[in-house]
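Take a look at the letters that make up each chain.
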Amino acid sequence: MSGVPPLSTLARENPHTQSFLDHALIIKGLAHKTVAAYTEDLSTFIQYLQQKNRDVLDINEQGLFVYLMFLRRKGLQSRSLARHMASLRGFYAFLHEQGLVMDNPAGMLENPKLPQLLPKVLSIEEVESILAQPAAGDKLGVRDKTMLEMLYAAGLRVSELINLKVLDFDPQAGIVRVWGKGSRERLVPLHYSCMQWLDLYIHHWRSTFSPLVDKIFLNRSGKALSRQGVWKIIKKYAVMAGIKKDVSPHTLRHSFATHLLEGGADLRTVQVLLGHSDITATEIYTHVQSDRLKSAQDFFHPRSKNTGKPVHAEKR
């Protein structure tokens, strides 16, 4: 119908949700994708309230519960419901801080149960096999070798990798400056082998790509590598290494975290290295570690293959 505004504009037309979105983007510095998700969720919420002739300031906990049941009846799954709840919690927490509501009606609502999706990880031997595949005698091979070393040594997201600039690497301190989600900065140490490859690539091979940008990792045209480009490169070397698993850039990040925990690193350290703002995001790797330890126990423990039946004492 003509004259009906797009759903995504409803949150921008409401002064309270507009203020919250501006606060999230400008003051809190959240990523544009996160704010876009808030905009979509809150627009759906505003549309629902308009149909009920309600205002955002008049909703209580019971009203939000009814709204979530409405979304559930529309077919939203647990993961989408959880995202809507996160948007509502942030929004009403903002209204509470501004003194516009007495309390946060979304604060006491529980998240729907989400399936625990454990990340896929590679063994140390599989990672080493992938790292050994690039040919170290040409510019593409050195670039790819350095890139793979960086992903595994620093646990980078692919977006963080492709946005690294030459000046983000400090060879004297042995660290790399990484800009993560929400433009949050973190300093990640690199081990000696990775630093050697990165220093070699930057000072002896990067110039052969005729750089057009200041990013570290370049394509054949001298421009920054794309996410898709990195993904294809990793898939290629995984196939060359004979690995049947579905390997992506994030697989190396997952493997980095899991191998650190298996080596004795504490969870808080891994959280900092990964750039997680909430430690609950890091805790999933403890489940991976537990599963791997249980598999090892089942395989190696002499009693693991016991039938479970009690052994009767011999008659004297």
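Computed from a predicted structure; not experimentally measured.

Cut-offs applied
- Sequence order as written defines residue numbering, which begins from 1 separately in each chain.
- Totals for whole chains, interfaces and linings use all residues, but because this is a predicted model, local features are given only for residues with pLDDT of at least 70 and pairs of side-chain atoms are given and counted only at 80 or more.
- Water and hydrogen atoms play no part in the side-chain values, which are based on all heavy atoms of the structure.
- Like-charged residues within 9 Å of one another, or nonpolar side chains (Val, Leu, Ile, Met, Phe, Trp, Tyr) within 5 Å, are grouped into patches, provided each residue has over 30% relative accessible area and no salt bridge.
- Here the open area of atoms and residues is found with the Shrake-Rupley method and a 1.4 Å probe, where only the protein chains shown may cover a residue.
- For this document, the term salt bridge refers to a Lys or Arg side-chain nitrogen within 4 Å of an Asp or Glu carboxyl oxygen.
- The charged-residue count follows a simple rule in which Lys and Arg add positive charge and Asp and Glu add negative charge, with His and chain termini not counted at all.
- Here the site of a charge means NZ on Lys, CZ on Arg, CG on Asp, or CD on Glu.
- Secondary structure elements are taken from DSSP: a helix is a run of H or I of four residues or more, a strand is a run of E of two residues or more, and numbering for both begins at the N terminus.
- Residue exposure (1.4 Å probe, protein chains only): buried if accessible area is under 20% of the type maximum, exposed if over 50%, otherwise partly exposed.
- Contact definition: two residues touch when any of their heavy atoms are within 4.5 Å.
- Classification of ring pairs rests on two measures: the distance between centres of Phe, Tyr or Trp rings, Trp counted by its six-membered ring, which must be within 6.5 Å, and the angle between planes, read as stacked under 30 degrees, edge-to-face over 60 and tilted in between.
- For a lysine, the NZ atom is tested; for an arginine, the CZ atom; a charge sits over a ring if that atom is within 6 Å of the ring centre and within 35 degrees of the ring normal.
- An axis is simply a line fitted to the C-alpha atoms; with a helix, the fit covers only the stretch in contact. Between two such axes, the angle follows the N-to-C directions and lies from 0 to 180 degrees.
- Geometric relationships in this document are graded by angle, where less than 35 degrees denotes roughly parallel, more than 145 denotes roughly antiparallel, 65 to 115 denotes roughly perpendicular, and other angles denote oblique.
- Definition of nonpolar core: a set of buried residues of the types Ala, Val, Leu, Ile, Met, Phe, Trp, Tyr and Cys, connected through side-chain atoms within 4.5 Å.
- At least two bridges found by DSSP between two strands are what make those strands a pair.

1. A word on a positive patch on the surface
- The grouping of K33, K181, R184 and R227 at the surface amounts to a positive patch.
- Its place among the elements puts K33 in helix 3 (residues 32–51).
- K33 sits in the exposed class, given a relative accessible area of 74%.

2. Looking at a nonpolar patch on the surface
- A surface patch of nonpolar side chains, about 240 Å² in accessible area, is lined by F65, V66 and M69.
- Relative to the helices and strands, V66 is located in helix 4 (residues 61–73).

3. A closer look at the environment of L161
- Looking at where L161 falls in the secondary structure, it is placed in helix 8 (residues 158–162).
- Residues L161 and V178 lie 17 residues apart in sequence; the distance between their C-alpha atoms is 8.2 Å.
- Contacts of L161, omitting those with residues within four sequence positions, involve M147, M150, L151, L156, F217 and V230.

4. Observations regarding the packing of aromatic side chains
- Under the counting rule described, the total for this entry stands at eleven aromatic pairs.
- Ring geometry for F20 and Y38: centres 5.4 Å apart, planes at 40 degrees, overall tilted. You can see F20 sitting in helix 2 (residues 15–27) and its partner Y38 sitting in helix 3, a full 18 residues away along the chain. Pair check on accessibility: F20 and Y38 agree, each one buried.
- The lysine or arginine in question, K139, covers the ring of F209, its NZ or CZ lying 4.7 Å from the ring centre.

5. Section: the packing of helix 6 (residues 124–131) against helix 7 (residues 139–154)
- Direction vectors running N to C along helix 6 and helix 7 enclose 155 degrees, while the axes themselves pass 10 Å from each other. Comparing the axis directions of helix 6 and helix 7 gives the class roughly antiparallel. On helix 7, the residues that touch I124, V127, I130 and L131 of helix 6 are K145, L148, E149 and Y152.

6. Brief notes about the nonpolar core
- In terms of nonpolar packing, the biggest core is built from 51 residues, with M150, L190, F217 and V230 touching the most fellow members.
- Those elements that place two or more of their residues in this core are helix 6, helix 7, helix 8, strand 2 (175–179), helix 9 (192–205), helix 10 (227–240), helix 11 (249–262) and helix 12 (267–274).
- Top contributing element to this core by residue count: helix 7, with nine residues.
- If we skip the residues at most four places from it in the chain, F217 touches R143, T146, M147, M150, L161, L198, Y201, K223, A224 and L225.
- Of all hydrophobic cores here, the second largest spans 28 residues; its members include A24, I46, Y67 and L81.

7. Examining the sheet that holds strand 1 (residues 169–170)
- Overall, antiparallel pairing links the three strands, which are arranged 1-2-3 in an open sheet. Where the open sheet ends on each side, the last strands, each with one partner, are strand 1 and strand 3 (185–189).

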